[in-house]
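If you want the building blocks of each chain, they are given just below.
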Amino acid sequence: MTLVNTMEYNKDDLLDKVQEDAEKLFRSGTYFCSEAVLQTINELLGKPYDENIVKLASGFPIGMGKAQCLCGAVSGGQMGLGIVYGRVEGEPMKDKMFEVSKKLHDYIIDEYKSTCCRVITRKWQGDDFKSPERKEHCIAITGMVARWVANELIEDNKVKVK
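Description of the structure in this document. Because the structure is predicted, anything quoted here is derived from the model rather than measured.

## Concerning unusual backbone geometry
Within the chain, Lys47 stands out as a residue other than glycine whose phi angle is a positive 55 degrees. With respect to the helices and strands, the residue Lys47 is situated in the loop between helix H2 (33–44) and helix H3 (61–64). Since its relative accessible area comes to 27%, Lys47 is described here as partly exposed. Here Met64, not a glycine, exhibits a phi torsion of approximately 75 degrees, which is positive. With respect to the helices, strands and loops of the structure, Met64 is situated in helix H3. Classification of Met64 by relative accessible area gives partly exposed; the value is 37%.

## Details of the pattern of salt bridges
In this structure the tally under the stated criterion is 8 salt bridges. A salt bridge links Arg27 to Glu136; the shortest N-O distance between them is 2.8 Å. Of this pair, Arg27 sits in helix H1 (residues 11–27) while Glu136 sits in helix H7 (residues 132–155), placing them 109 residues apart in sequence. For Glu136, a relative accessible area of 39% translates into the label partly exposed.

The rules behind the values
- Residues numbered from 1 in each chain as written.
- Predicted model: local features only at pLDDT ≥ 70, side-chain atom pairs only at ≥ 80, totals over all residues.
- Heavy atoms only, no water.
- Helix = DSSP H or I, 4+ residues; strand = E, 2+ residues; numbered from the N terminus.
- Buried < 20%, exposed > 50% of the residue type's maximum accessible area, 1.4 Å probe, protein only.
- Salt bridge = Lys/Arg side-chain N within 4 Å of Asp/Glu carboxyl O.

As structure tokens, this is what we get:
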């Protein structure tokens, strides 16, 4: 994703772009799920952190280092939310951080009945995360999470659109 002037987009077009960009980063092999979501949200926000922020997300793909636990896209989404709602030393925790973090969790639970990579990808169990079908499934989740985070940021006026 290249930096965009979000004011040039209406909400739906910007959400489509965010989703497409996150999916493209994963599909191309540039990044895995967590990295693609975090990088896309960082760029959407005008890069408050340089490109190296993606390193923070590199241990989360395939459910935390292939442990197949928490979905990497969800991890990336949580980090993306932290860019806006997180805190630094000396600041109190913002209630909004907990609120949006739980909303993302609940959104994935509603969609997939779990946030666990192993459960979300059980259809492809045993393929060592190599099948193209499993990859497309995870790419779709990656785009969906990036879109969800972007929508939350738009709804909360943290990202401005036409």
